Structures are given as structure tokens and as C-alpha cells.
Amino acid sequence: MATSAARGHTFTWKGTDKTGRSTKGEINATTTSMAKAQLRRRGINPKSVRKKSKPIFGSSGKPIKPADVCIFTRQLATMMKAGVPLVQSFDIVSEALENPKMRQLVDSIKTDVASGSGLSSSLAKYPRQFDDLYCSLVASGETSGTLEVMLDRVATYKEKTEQLKAKIKKAMTYPVAVVVVALVVTSILLIKVVPQFAETFTSFGSDLPAFTLFVLSISNLVQEWWWGIILVGIAASFVFREAKLRSVTFAEGLDKLALKLPVIGNVVFNSIIARFSRTLATTFAAGVPLVDALESTAGAAGNSVYAKSIRQIRDDVTTGTTLHNSIKSTGLFPNMLLQMVSIGEESGALDDMLDKVATHYEEAVDNAVDSLSSLMEPIIMSVLGVLVGGLMIAMYLPIFMLGSVI
């Protein structure tokens, strides 16, 4: 009950701003009077403030996505760099957020900070939105008195990371789209078109070609057991997901396979190197000790094969081995990264060198995704042509044979 009271409620309000213009919105507060007081501090004259009613069917609004956290971080960093106090920055950022759930989360964090809690400890209460790396970087900024600088670095890191994820998602969407379209088209033909030809073939009174019989048997199977096929597909996807979550060996096998796939494997590899370089550059520039930075980098690797190798690098660095030699011993990282790390260690500009490596491989991912998109277009046409053309040939083959006999 105490937690609920501290977080308050959401109120909808209508009023006028300093210029007399009508405005409205939502605000988080414990009581109606507190909501009105907050609005007056913002220069708004409240005319109507009402507690927002809860929806009848579950919670409303979109879930909080990484993009929402990214926008929040950038806006908060901008406010802090402009010299706006932290609590007041939360008020301004909250007003600009479009996602109601994210707005409620920001108001909850603001309440904790206003009561005396540190920003990093307040963020740590929501691990689904703010991971250990995010919180540790913010804590480093609070400790060093450079919170606005650190928030700017975190915002840049989150933006680069989300851009990279979007590129990978774009690369993976195309092959999946090919499979889905092929399955839908084939299913429609087998269920709707092939049976029409089957009724015509019964009046021929002659043996059908083996290819046609094969297609007809598949059509009959799909028509009779379509529900079973769907259930098997759902069960298989569930088992696959659970096996990936619960079996370390299975997950590692999938990660190894992803790196060996033609074309896509290159995209995955470049994205891992970009993520490794970007994360290590950000944490190292923030003053995080190299061993701790490598631990955070391993958690953000996105691939169990490289996560294991990064932890091995961390162990080697702990024993006094240079970062360059530790990375080289794994045999998994490209020469360009090794050379840049070596130059960075010698010049004392490791974070700058890693940042350049990250930019290079992010651009490589972008180019590879564009190439993959161009490559997949003819493949889609070829796959659909083979499926549709094969089914049509199977259906018209008996008619051609009958015509040749006549």
C-alpha cells in the first residue's frame, strides 16, 4: 500500500498556460490537490483535474519498448545539459512522452528522486527497462559529478544500439517473409485450387502421372489434417523457444549456426563486433575499470559464443595480460579490431579507437543489409515461381497427356 501511495495515481487535466491558451494532458500525483499544485508550478492554471479511470479489460496503452527508453534518455540528457534541475527535467520529459506507461514510469522515478533517492538506485528498481549496464553508467556519472555528460553518452549508446538492432531485424525479416509468403500461397493452392482439378481428373478414366498423384496426396493430407499441422507448428515453436531459454548447449548451438549461415552470418558477425566495440568504448570512456567494462560488454554481446570469449578476455586481463593479446588469443575477432586496440593502448586513446571500430562495423552491417535486401528479391520470385509453377504443372500435366493421346 505504501508503494502504491508513493507512486500515486494518474490524473487527466484541462487548463490554460501562461499565454491563456487552452491545454490538457495527464499527470501523476498522490492526490487531486497535489496534481493541481504541480500544474501551477509548471505555469498552468488547472480548470479540471480528474482521476483517470482504469480500463474495464486489463491495462491500457502500449508496452514500454527499448525505443521509449532511448527517447527518454536523450531528452533527459538534453535537459540536464541545458542546466535544468533533475526533478524539473523529469516533469518536462514526462509531458513530451507519448507512451502512457512510459510516462507513469518516469513519474514514479521522479517521485523516488524527489524523495532523496539517487537516480541510479531509482532506475535499478525497473530492471526490465534499465539494465545493469545502464544503471552502472548513471551511477558512475553521479559519483564523478558528471551526470549530464554520462547521460549524453548513455543516450548515444542506446541510440546506436537500437539502430543496430533495427538493421539486424530488417535483415532477418526478409527471409522470414519469403517463407511465410511461400507457405500461404502453397496452402491456398493446395486447399482451394488443387481439389477443383481433382474433381476433373476423376472423369478421365486413366492413370495420372506420378507427380500429379503426389501433389493430390499432399492436398488431401492438408485438407484433412490442417488443424493438426497448425498445432504441430505451434508446439514446435513453443518447444524451440523453451529449449533456447532453458538449454545452454542448444542456445550455443544456435548462436554458432547463426555465424555460419551464408550472407546472414556475415551480418551477425559484424553486428557482434560493432556491439562489442561500442559497449566497451562507452564503459571505458565513462571511467569504468576495464575488467568491469568487459563484464558489461559480455552481457551485451548478444551471442553466447562471443560472450564466453569476452569473459575469457576479462580473466586474461585480470592476470596482467594486455587487452590486445587477450583479444588475439581468442581467434574470434578481426585484425582491424586488434590493430586499433593495440594503437589505443599505446596512445592512451582506447575509447576513441574502439568508437571508430564500432562506427566502421555499424556501416558494414548497414551495407550488408542493403545487399541482402537486393539479393532476396529475385530469390523470393524464384521460390514462389517454383512452388506455384510446380503445382500448376502437376495439375495441367494430365490434361497435356490426354491431349497428346487424342
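The rules behind these values
- Residues numbered from 1 in each chain as written.
- Predicted model: local features only at pLDDT ≥ 70, side-chain atom pairs only at ≥ 80, totals over all residues.
- Heavy atoms only, no water.
- Helix = DSSP H or I, 4+ residues; strand = E, 2+ residues; numbered from the N terminus.
- Rg over C-alpha atoms; globule rule 2.2 N^0.38 Å.
- Buried < 20%, exposed > 50% of the residue type's maximum accessible area, 1.4 Å probe, protein only.
- Patch = residues over 30% accessible without salt bridge, like charges linked within 9 Å, V, L, I, M, F, W, Y side chains within 5 Å.
- Areas by Shrake-Rupley, 256 points an atom, 1.4 Å probe, with all protein chains shown as cover.
- Salt bridge = Lys/Arg side-chain N within 4 Å of Asp/Glu carboxyl O.
- Expected span 1.5 Å × (residues − 1).
- Contact = heavy atoms within 4.5 Å.
- Polar contact = N/O pair within 3.5 Å; in protein donor to acceptor, adjacent residues only side chain to side chain.
- Phe/Tyr/Trp six-rings, centres within 6.5 Å; stacked < 30°, edge-to-face > 60°.
- Core = buried A, V, L, I, M, F, W, Y, C linked by side-chain atoms within 4.5 Å.
- Disulfide = S-S within 2.5 Å.
- Axes fitted to C-alpha atoms, helices over the stretch in contact; angles between N-to-C directions.
- Parallel < 35°, antiparallel > 145°, perpendicular 65-115°, else oblique.
- Left-handed = near helix turned anticlockwise from the far one by under 90°.

Q: I keep staring at the overall build of the chain and nothing clicks. Help me out?
A: The secondary structure content of the chain amounts to 16 helices and three strands. Its C-alpha atoms give the chain a radius of gyration of 29 Å, clearly above 22 Å, the size a compact globule of 406 residues would have. Seen through its C-alpha atoms, the chain measures out along the principal axes to roughly 90 × 65 × 40 Å. A total of 406 residues make up the chain; the buried ones form 39% of that total.

Q: Help me understand a nonpolar patch on the surface in this model?
A: A grouping of Leu-221, Trp-225, Trp-226, Trp-227, Ile-229, Ile-230, Leu-231 and Ile-234 is seen on the molecular surface, where their side chains present a nonpolar patch of about 860 Å² in accessible area. We classify Ile-229 as partly exposed; its relative accessible area is 46%.

Q: What is the right way to look at helix H13 (residues 304–318) in this model?
A: Spacing of three or four residues puts side chains on the same side of an α-helix, whose turn is 3.6 residues. With 15 residues, H13 should cover 21 Å at 1.5 Å per step; its first-to-last C-alpha distance of 21 Å lies within 8% of that length. All buried positions along H13 are accounted for by Tyr-306, Ala-307, Ser-309, Ile-310, Ile-313, Arg-314, Asp-316 and Val-317. On its buried side, H13 packs onto helix H10 (248–260), helix H11 (264–285), helix H12 (290–299) and helix H14 (323–330). Measuring from the backbone nitrogen of Val-305 back to the side-chain oxygen at the start of H13 gives 3.0 Å, which picks out Asn-303 as the cap. Trailing H13 by a residue or two, Gly-320 shows a phi angle of about 105°, which is positive.

Q: Could you clarify how one ought to interpret helix H4 (residues 86–96) in this entry?
A: All buried positions along H4 are accounted for by Leu-86, Ser-89, Phe-90, Asp-91, Val-93 and Ser-94. Buried-residue contacts for H4 involve helix H3 (66–81), helix H5 (100–114) and helix H6 (119–123).

Q: How do you make sense of the pattern of salt bridges when you look at a structure like this?
A: When the charged atoms of two side chains with opposite charge come close together, those side chains can pair. Evaluation of the coordinates by the stated rule reveals 12 salt bridges. A salt bridge links Lys-165 to Glu-162, with the nearest nitrogen and oxygen atoms 3.7 Å apart. Placement of both Lys-165 and Glu-162 in helix H8 (residues 147–201) is noted, with a separation of three residues, approximately one turn of the helix. Where salt bridges share partners, they join Glu-295, Arg-311, Arg-314 and Asp-315 into one cluster.

Q: Explain the packing of aromatic side chains to me, please; I cannot follow it from the model alone.
A: Ring pairs (aromatic) are described by centroid distance and by the angle formed between their planes. Evaluated as defined, the whole model comprises eight aromatic pairs. Relative to Phe-130, the ring of Phe-72 lies with its centre 6.0 Å away and its plane at 70°, an arrangement referred to as edge-to-face. Within this pair, whereas Phe-72 is found in helix H3, its partner Phe-130 is found in the loop between H6 and helix H7 (132–144), the two being separated by 58 residues in sequence. Taking relative accessible area as the criterion, Phe-72 reaches 1% and is therefore assigned buried.

Q: Looking at this model, I keep getting lost on the nonpolar core. Mind explaining?
A: In a soluble, globular protein the nonpolar side chains are often hidden away together inside. Ranked by size, the top nonpolar core spans 73 residues in total, and within it Phe-72, Phe-90, Ile-109, Leu-119, Phe-130, Leu-323 and Phe-333 carry the most contacts. Among the elements that line this core, the one with the most residues is helix H16 (residues 350–405), at 11 residues. Apart from residues no more than four positions distant in its own chain, Leu-323 is found in contact with Leu-280, Leu-290, Leu-294, Ile-313, Val-317, Val-341, Glu-345 and Leu-350. Formed by 12 residues, the second largest nonpolar core is a distinct cluster that contains Leu-189, Val-194, Val-215 and Leu-391.

Q: Help me understand the state of the cysteines in this model?
A: Cysteine pairs can be linked by a disulfide, which is a covalent bond between their two sulfur atoms. In total, this model carries zero disulfides according to the counting rule given. Free of any disulfide, Cys-135 has its nearest neighbouring cysteine sulfur in Cys-70, separated by 16 Å. On the accessibility criterion, Cys-135 (11% relative accessible area) is buried.

Q: Before we go on, may I ask you to explain the environment of Gly-344 in this structure?
A: Of note, Gly-344 is situated in helix H15 (residues 335–347). It is 36 Å that separates the C-alpha atoms of Gly-344 and Thr-249, two residues lying 95 residues apart in sequence. If we ignore the near neighbours within four places in the chain, the residues touching Gly-344 are Ala-349, Leu-350 and Met-353.

Q: Could you clarify how one ought to interpret the environment of Thr-31 in this entry?
A: Its location among the elements puts Thr-31 in the loop between strand E2 (22–29) and helix H2 (32–41). For the pair Thr-31 and Val-215, spaced 184 residues apart in sequence, the C-alpha to C-alpha distance is 69 Å.

Q: Teacher, can you tell me more about the packing of H13 against H14 here?
A: Axis angle and axis distance: for two packed helices, these are the angle between their axes and the distance between the axes, and together they describe the pair. The interhelical angle for the contact between H13 and H14, taken along N-to-C directions, is 140°, at an axis separation of 9 Å. Accordingly, the angle class assigned to the pair H13 and H14 is oblique. The chirality of how H13 crosses H14 is right-handed. Between H13 and H14, the residues in contact are Ser-309, Ile-313, Asp-316 and Val-317 and Leu-323, Ser-326, Ile-327, Ser-329 and Thr-330, respectively.

Q: What is the right way to look at the environment of Arg-21 in this model?
A: Mapped onto the secondary structure, Arg-21 falls in the loop between strand E1 (9–16) and E2. Classification of Arg-21 by relative accessible area gives exposed; the value is 58%. Sequence separation between Arg-21 and Pro-209 is 188 residues, and the spatial gap between their C-alpha atoms is 79 Å. Apart from the residues within four sequence positions on either side, Arg-21 is in contact with Gly-15 and Thr-16.

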